[in-house]
Structures are given as structure tokens and as C-alpha cells.
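Fold and geometry: a report
Here is how the chains run, residue by residue.
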Amino acid sequence: MIKILFVCLGNICRSPMAEFVMKDMAQKQGLEEEVYIESAATSSEEIGNGMHSGTIAKLTEMKIPFTNRKARQLTKDDYENFDYILGMENKNLHAIRKIVGQDSERKISRLLDFSQTPRDIADPWYTGNFDVTYQDIVEGCKSFLQWIKERTNG
Ligand code: 4NP
């Protein structure tokens, strides 16, 4: 079982979108028993709040199942409990390290570091563009799953 935690600033736009996109992808590839997926925020700003309406609209448009969830903040314990902590942008990675401490087991990466073109995923809270966010997240999740498969197969 591989445990993956997606992290963004508020845990209402990008990281829950990544959580449900990855759950859907894993389910479609028959890997739902192989992965455990959650998401969390670096900031305390949105704790307890549901997903942003833009994220809900995009997941609905793409027919990706999701459940009601509440934003939660990343904790130091998450570092022990998860195998991969996947942030959305370099700023996230700094904030993640501030909370969990040194990344001695090299668990922390940007989601798009697994793609052919490593880069940040822009924050739709500021850009208002949930379509680009979705495309980036799909690219990141696909690349990450591929990387995991190559790693576990040999
Ligand atoms: P997210 O977007 O990190 O993708 O969930 C944001 C959500 C809320 C805030 C910032 C970014 N905020 O400042 O409350």
C-alpha cells in the first residue's frame, strides 16, 4: 500500500482536486487497493471548509467522483504516516518543510516534478482558471502513477 498526501496552500482548490483525480485514476487502473490518498493544507486559513466551488464544478464536469470533505492542515505526524507528500509549487515545499522538518526520507516533491516538464501548478484561487489547474493535475497524477509502476515493476 502506497500512501500519498497531496498538499497545497488552502486544501480547498488544488490538493483536493488532485486527491479525487488520483483516486479516480487509481480506480480505473485497478489500483484502488494499492494506494491510500488524502490531501492537506500548509495554511490554517481554510480549516474545516469544503472544496472551492471551482474545484467542485470541474470535478463534476469531468465526471470524477468526490465526497464531502473538510480542509485540514498538514501535521508533523503526516510525514511519518505517508510515503509521498506531493506539493503543488516550490512555495508549498518550503511551507511543508517548515511544518514537518527535514525531509530525511526524501518524501517531499512537487507533483509536476514527475512529468516531462517539471513546474509549479498555479493557484486557481488567484488565477480563477480551474481548467489549467485540472490539466496540470491530470498530467502530474498520470506521470506519478507511471513512475510508481516503473519503480514497483523493476
Ligand atoms: P489552494 O488555493 O491552495 O489550491 O487550496 C487557495 C485556497 C485558499 C487560499 C489560498 C489558496 N486562501 O488564502 O484562503
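Preceding this paragraph is the structure being described.
In this report, the structure presented in the accompanying data block is examined. From a predicted model like this one, the values you see are computed outputs, not experimental measurements.

What follows covers the side chain of Ser143. Its place among the elements puts Ser143 in helix α6 (residues 130-152). In this structure Ser143 comes out as buried when scored by relative accessible area, which is 16%. A distance of 2.6 Å separates the side chain of Ser143 from the backbone oxygen of Glu139, its partner in a polar contact. If near-sequence neighbours (up to four positions away) are discounted, Ser143 is found in contact with Phe114 and Ser115.

Another point: the layout of surface pockets. By volume, the largest pocket amounts to about 170 Å³. Within the lining of the largest pocket, the residues separate by chemical class into six nonpolar, three polar and four charged.

For Asn11, the location among the structural elements is in the loop between β1 (2-8) and α1 (14-28). For the pair formed by Asn11 and His52, sequence separation is 41 residues and the distance between their alpha carbons is 9.1 Å. Side-chain polar atoms of Asn11 contact the side chain of Ser15, separated by 2.9 Å. A distance of 3.0 Å separates the side chain of Asn11 from the backbone nitrogen of Arg72, its partner in a polar contact.

What follows is about the site of the ligand. Around the ligand sit Cys8, Leu9, Gly10, Asn11, Ile12, Cys13, Arg14, Glu45, Glu46, Asp123, Trp125 and Tyr126, and that is every residue in its neighbourhood. Within the backbone of Asn11, an N or O atom sits 3.2 Å from an oxygen atom of the ligand. Within the side chain of Asp123, one N or O atom sits 3.0 Å away from an oxygen atom of the ligand. Here the ligand has 350 Å² of accessible area as a free molecule, and 93% of this is covered by the chains. Applying the majority rule of atoms within 2 Å of the grid points places the ligand in the largest pocket. For the shell around the ligand, the class distribution of residues is six nonpolar, two polar and four charged.

Cut-offs and rules
- Residues numbered from 1 in each chain as written.
- Predicted model: local features only at pLDDT ≥ 70, side-chain atom pairs only at ≥ 80, totals over all residues.
- Heavy atoms only, no water.
- Helix = DSSP H or I, 4+ residues; strand = E, 2+ residues; numbered from the N terminus.
- Buried < 20%, exposed > 50% of the residue type's maximum accessible area, 1.4 Å probe, protein only.
- Polar contact = N/O pair within 3.5 Å; in protein donor to acceptor, adjacent residues only side chain to side chain.
- Contact = heavy atoms within 4.5 Å.
- 1 Å grid on protein atoms, 1.4 Å probe; cavity = no way out; pocket = protein on both sides within 12 Å on 5 of 7 lines; lining within 4 Å.
- Points joined across faces, edges and corners; volume = space filled by probe spheres on them.
- Nonpolar A, V, L, I, M, F, W, Y, C, P; charged D, E, K, R; others polar.
- Near = heavy atom within 4 Å.
- Areas by Shrake-Rupley, 256 points an atom, 1.4 Å probe, with all protein chains shown as cover.
- Sits in = over half its atoms within 2 Å of the grid points.

Limitation: the analysis is restricted to geometry and does not speak to function.
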